[in-house]
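What follows is each chain in one-letter form.
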Amino acid sequence: MAQLKVTIAGIVFDAKFEEEKAPKTVAAFRAHLPYRSKVVHVRWSGEGVWIPLGETDFGVSYENHTSFPAPGQFVLYPAGISETEILLAYGGVHFASKMGQLAGNHFITLTSNLDKLAEIGPKVLWDGAQEILFEEV
């Protein structure tokens, strides 16, 4: 099995796909690897960063979904009352939009450098959007 690496604002994290709990979400996202974008700070959810994806359709519905991802967990919101997005919790998160509470599919978990995770939020908040890269190595 290939390893997953996520680089955010120049900080490299090892990660794992949650293949047993969210197989459809993992397969849909894996088809887009390597995936490069930018993260911005969340507006409604607390201590998190997100990738706004507008009308992007990954073709998945809810699986392994949560409104309270733990630090280091990525969730994919497959759209509905808000736009499609990927969110990473770096601290306390209650996943929401201006329309109210949301739930996203927990499909990736960071497994290394978690002590560096808390640096991401303030950097994005004060310095603006930061590069993110997901790649299998």
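An account of the accompanying structure is given in this report. (Residues numbered from 1 in each chain as written. Predicted model: local features only at pLDDT ≥ 70, side-chain atom pairs only at ≥ 80, totals over all residues. Heavy atoms only, no water.)

## Observations concerning the environment of Asn113
- Along the chain, the position of Asn113 falls in the loop between strand E10 (104–110) and helix H2 (117–127).
- For Asn113, a relative accessible area of 34% puts it in the partly exposed group.
- Every residue in contact with Asn113, bar those within four places of it in the chain, is listed here: Val12 and Phe13.
- A polar side-chain atom of Asn113 sits 2.6 Å from the main-chain carbonyl oxygen of Val12. (Helix = DSSP H or I, 4+ residues; strand = E, 2+ residues; numbered from the N terminus. Buried < 20%, exposed > 50% of the residue type's maximum accessible area, 1.4 Å probe, protein only. Contact = heavy atoms within 4.5 Å. Polar contact = N/O pair within 3.5 Å; in protein donor to acceptor, adjacent residues only side chain to side chain.)

## Examining the environment of Gly104
- Take Gly104: it is sitting in strand E10.
- Taking C-alpha positions, Gly104 is 7.2 Å from Tyr62, a pair spaced 42 residues apart along the chain.

## A short note on the pairing of strand E2 (residues 11–17)
- Residue alternation in E2 divides its side chains into a buried set, Ile11, Phe13, Ala15 and Phe17, and an unburied set, Val12, Asp14 and Lys16.
- By the bridge criterion, 5 bridges tie strand E1 (residues 4–8) to E2 in an arrangement that is antiparallel. Paired with Thr7 across the strands is Val12, a residue of E2.
- Taken together, E1 and the strand that follows it, E2, pair antiparallel across an intervening segment of 2 residues, in which Ala9 is found at a positive phi of about 50°. (Pairing = 2+ DSSP bridges.)

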